[in-house]
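# Summary of structural features
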Amino acid sequence: MEPCLFIHRTAVVMSDGTMAVCSRPYSPVAGDLTRQNFEAIWNGPVLAEFRSTLNTEREQVICRNCWYRDGKYHSQRFGASPKEAADEAESANNPVAWMFAEESSRS
């Protein structure tokens, strides 16, 4: 299965302020922006756990059955070849690149 770009790049915020782990319908809630700041949720335990299980035996069912990661959607999602998309995903999945708390502290 291909790498997930969404969980490393996309914040899914609902109208009530809750933030889901993914844009798939009925995704688990990662946190609540009315009670926590974005960095606390983005770098928090729920999303960290989901990210750490990707492509492992512990991968969440919602991730294992995800059509976003299905290869037949490459041309629609990326406009690139599967190899180019995989190379991009590899660099995008670098945890340091997505630590918003570190980014905001540099500002």
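One can find the structure itself at the top, above this paragraph.
Since the model is a prediction, treat every value here as computed from it, not as a measurement. (Residues numbered from 1 in each chain as written. Predicted model: local features only at pLDDT ≥ 70, side-chain atom pairs only at ≥ 80, totals over all residues. Heavy atoms only, no water.)

## Section: the environment of Glu59
By the secondary structure assignment, Glu59 is in the loop between α3 (45-53) and α4 (61-64). Along the sequence, Glu59 and Glu49 sit 10 residues apart, while their C-alpha atoms lie 9.5 Å from each other. Only 2.8 Å separates the side chain of Glu59 from the backbone nitrogen of Asn55, close enough to count as a polar contact. (Helix = DSSP H or I, 4+ residues; strand = E, 2+ residues; numbered from the N terminus. Polar contact = N/O pair within 3.5 Å; in protein donor to acceptor, adjacent residues only side chain to side chain.)

## With respect to the environment of Asn55
Within the fold, Asn55 resides in the loop between α3 and α4. Taking the C-alpha atoms as reference points, Asn55 and Pro3, separated by 52 residues in sequence, lie 7.7 Å from one another.

## Section: the packing of aromatic side chains
Summed over all chains, the structure comprises one aromatic pair. Centre to centre, the rings of Phe38 and Trp42 are 5.6 Å apart; their planes meet at 15°, and the pair counts as stacked. Here Trp42 and Phe38 lie together in helix α2 (residues 38-42), a separation of four residues that amounts to about one turn. Here Phe38 falls in the partly exposed class, since its relative accessible area comes to 27%. The buried category is assigned to Trp42, whose relative accessible area is 2%. The positively charged end of Arg51 is found above the aromatic ring belonging to Trp42, 4.5 Å away from the centroid. (Phe/Tyr/Trp six-rings, centres within 6.5 Å; stacked < 30°, edge-to-face > 60°. Buried < 20%, exposed > 50% of the residue type's maximum accessible area, 1.4 Å probe, protein only. Lys NZ or Arg CZ within 6 Å of the ring centre and 35° of its normal.)

## Some thoughts on the nonpolar core
Counting 14 residues, the largest nonpolar core has Ile7, Val21 and Leu47 as the members making the most contacts within it. When residues of this core are traced back to their parent elements, those giving at least two are α2 and α3. If near-sequence neighbours (up to four positions away) are discounted, Leu47 is found in contact with Ile7, Met19, Val21, Ala30, Ile41 and Trp42. (Core = buried A, V, L, I, M, F, W, Y, C linked by side-chain atoms within 4.5 Å. Contact = heavy atoms within 4.5 Å.)

## Considering the side chain of Arg24
Structurally, the position occupied by Arg24 is in the loop between β2 (18-20) and β3 (29-32). It is Glu59 that comes nearest to the buried, bridge-free Arg24 among opposite-charge side chains, at 9.5 Å. With near-sequence residues (within four places) excluded, Arg24 lies in contact with Ile62, Asn65, Cys66, Trp67 and Tyr68. (Lys, Arg positive; Asp, Glu negative; His and termini not counted. Salt bridge = Lys/Arg side-chain N within 4 Å of Asp/Glu carboxyl O.)

## Some points on the sheet that holds β2
Strand pairing in a sheet takes place through backbone hydrogen bonds and is either antiparallel or parallel in direction. Strand order in the open sheet made by the three strands is β1-β2-β3, with antiparallel pairing throughout. At either margin of the open sheet sits one strand with a lone partner, and together these are β1 (12-13) and β3. Pairing analysis gives two bridges linking β1 to β2, with the strands arranged antiparallel. Counterpart to Val13 in the pairing with β2 is Met19. (Pairing = 2+ DSSP bridges.)

## Let's talk about empty space enclosed by the protein
Tallied over the entire structure, the rule returns three cavities of 30 Å³ or more. In this structure, the largest cavity encloses a volume near 110 Å³. If you trace the largest cavity, you find 13 residues lining it, with Cys4, Ile7, Cys22, Cys63 and Cys66 closest to the centre. Counting residues per element, the ones that place at least two in the lining of the largest cavity are α1 (6-9) and α4. Among the residues forming the lining of the largest cavity, the class breakdown is 11 nonpolar, no polar and two charged. (1 Å grid on protein atoms, 1.4 Å probe; cavity = no way out; pocket = protein on both sides within 12 Å on 5 of 7 lines; lining within 4 Å. Points joined across faces, edges and corners; volume = space filled by probe spheres on them. Nonpolar A, V, L, I, M, F, W, Y, C, P; charged D, E, K, R; others polar.)

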